[in-house]
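Coordinates in review
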Amino acid sequence: MSALSDQLVTFAILAYLVAMISHAVEFALGNARKVAVAAPARELVGAGVGGAGGTIGEPVPPAVPQRPDRSAARAALAGRIAAGLTALAAALHLGAVVTRGIAAERMPWGNMYEFVLTVTWIGAAAWLVVLWKQPVLRRLGLFLTLVMVLLLAFAELKLYVQVVPLMPALQSYWFVIHVSTIIFASGIFLLGVVPAAAYLMRAGWEQGRRSFPYTLARRLPAAAGLERLTFTLHAFAFPIFTFAVIAGAIWAEAAWGRAWGWDPKETWAFISWVVYAGYLHARATPSVRRNVATWIAVVGFLTMLMNLFGVNFFFTGLHSYAGV
């Protein structure tokens with residue numbers, strides 16, 4: 001089962017990569033356009049204007065039929081292929097998570113590799129739900145699949161460890177409660193940063209900025225819709241993240257005799273909580289511009305990355321059992 005899980009991860013990365021390429025093709029071909037079929041046109045001769053062969057009040061010829069530009073049809077096809085490949089990649093991804101858990105005979109969240117594997121699947125699954133409800137946002141898939149490829153490739157190359165039993169410190173029912181909720185919230189935050197970054201680029205484009213990276217956003221959905229999606233995802237994930245932090249404190253009290261000890265991971269979890277709370281407060285404050293609030297959301301995700309990678313690589317503490 002462990003070998004099967006590894007193979008499924010590889011296939012999932014390849015499927016996400018091909019989906020990303022398909023999204024890039026859709027992105028490059030641009031928006032659907034219509035072109036007129038070439039045909040001679042007759043001009044109406046105005047009253048009082050002389051002209052050889054001209055007739056005052058000559059009827060206007062019927063409208064020339066229009067046909068969709070072929071590039072638009074190809075773009076739509078590439079987008080549908082990309083969405084299908086993303087769904088296939090998510091299915092392979094889920095298979096990798098499940099078989100990893102079967103091989104370990106436990107929930108597959110015992111180290112950084114398994115954590116990243118599950119968080120990225122949550123992000124991909126949430127994206128498919130968003131895409132099903134709002135197909136107009138499909139072009140965001142280019143950035144989502146890029147994130148999937150980068151994180152999964154990094155996990156495979158730098159974080160991979162063999163399947164091992166869960167260490168004694170984690171053998172508690174609080175492991176399932178705390179880690180499952182932190183993974184779920186992290187996966188939604190992972191998805192949430194995609195429309196946040198896209199909004200910042202698109203808003204700049206709509207304000208007339210034509211330099212990089214704003215040029216990447218000219219074919220993205222309108223900024224207002226991206227900003228609403230950013231808020232919706234963060235408002236959904238934040239209470240779950242709050243519960244996960246509280247559950248971690250209760251588990252710490254039971255395991256170590258204290259609920260909070262400013263361990264590096266606890267500290268960065270608190271920093272992330274404060275930043276995301278600040279984003280939601282800023283978003284609800286009319287005097288705070290939406291791009292300022294969105295930047296706070298982006299900073300929040302950077303603190304989550306610091307908590308996941310930076311703390312485990314550069315600090316030691318009671319949570320130093322990532323298995324790297």
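You'll find the structure just up there.
The following refers to the structure shown. (Residues numbered from 1 in each chain as written. Predicted model: local features only at pLDDT ≥ 70, side-chain atom pairs only at ≥ 80, totals over all residues. Heavy atoms only, no water.)

Looking now at the pattern of salt bridges. For the structure on display, the rule yields seven salt bridges. For the salt bridge of R106 with E114, the shortest nitrogen-to-oxygen distance reads 2.8 Å. As far as the burial class goes, R106 and E114 line up, both buried. We note a salt bridge from E206 to R202, for which the minimum N-O separation is 3.0 Å. One end of the pair, E206, and the other, R202, are both in helix 5 (residues 173-206), four residues apart, so they sit about a helical turn from each other. For R202, a relative accessible area of 13% gives the class buried. One network of salt bridges, with partners in common, ties together E26, R138 and R139. (Salt bridge = Lys/Arg side-chain N within 4 Å of Asp/Glu carboxyl O. Buried < 20%, exposed > 50% of the residue type's maximum accessible area, 1.4 Å probe, protein only. Helix = DSSP H or I, 4+ residues; strand = E, 2+ residues; numbered from the N terminus.)

Under the defined criterion, the tally for this structure stands at ten aromatic pairs. A centroid spacing of 5.0 Å and a plane angle of 80° characterise the contact between Y113 and Y160, whose relative ring orientation is edge-to-face. Here Y113, found in helix 3 (residues 112-133), pairs with Y160, found in the loop between helix 4 (141-159) and helix 5; they are 47 residues apart in sequence, far enough to count as distant. For Y160, a relative accessible area of 25% corresponds to the partly exposed category. Between F175 and W251, the aromatic rings sit 6.4 Å apart at their centres with planes inclined by 70°, giving edge-to-face as the arrangement. Residue F175 is located in helix 5, and its partner W251 is located in helix 6 (residues 223-256); the two are separated by 76 residues in the primary sequence. Judged on exposure class, the residue F175 and its partner W251 are both buried. Taken together through their ring pairs, the aromatic side chains of W109, F175 and W251 make up a single cluster. A cation sits over an aromatic face here: R210 above W205, 3.6 Å from the ring centre. For the cation-ring pair, R283 lies above F231, with the distance from its terminal atom to the ring centre recorded as 4.3 Å. (Phe/Tyr/Trp six-rings, centres within 6.5 Å; stacked < 30°, edge-to-face > 60°. Lys NZ or Arg CZ within 6 Å of the ring centre and 35° of its normal.)

On the surface, M1, L4, L94, V98 and I102 cluster together into a nonpolar patch covering about 430 Å² of accessible area. The leading source of residues in the nonpolar patch is helix 2 (residues 70-104), at three residues. By the secondary structure assignment, V98 is in helix 2. (Patch = residues over 30% accessible without salt bridge, like charges linked within 9 Å, V, L, I, M, F, W, Y side chains within 5 Å. Areas by Shrake-Rupley, 256 points an atom, 1.4 Å probe, with all protein chains shown as cover.)

Attention shifts here to the environment of T120. Of note, T120 is situated in helix 3. According to the relative accessible area criterion, T120 is buried, its value standing at 1%. Beyond its immediate sequence surroundings of up to four residues, T120 is in contact with H93, M148, L151, L152 and L190. In terms of polar contacts, T120 uses its side chain to reach the side chain of H93, at 3.2 Å. (Contact = heavy atoms within 4.5 Å. Polar contact = N/O pair within 3.5 Å; in protein donor to acceptor, adjacent residues only side chain to side chain.)

Right, let's talk about the nonpolar core for a bit. Counting residues in hydrophobic clusters, the biggest one holds 82 residues, and the most contacted among them are Y16, W127, L140, F143 and I183. At the level of secondary structure, the elements contributing two or more residues to this core comprise helix 1 (2-29), helix 2, helix 3, helix 4, helix 5, helix 6, helix 7 (264-284) and helix 8 (290-314). By residue number, the principal contributor to this core is helix 5, which donates 19 residues. If sequence neighbours within four positions are ignored, Y16 has contacts with T86, A89, A90, H93, A124, T145, M148, V149 and L152. (Core = buried A, V, L, I, M, F, W, Y, C linked by side-chain atoms within 4.5 Å.)

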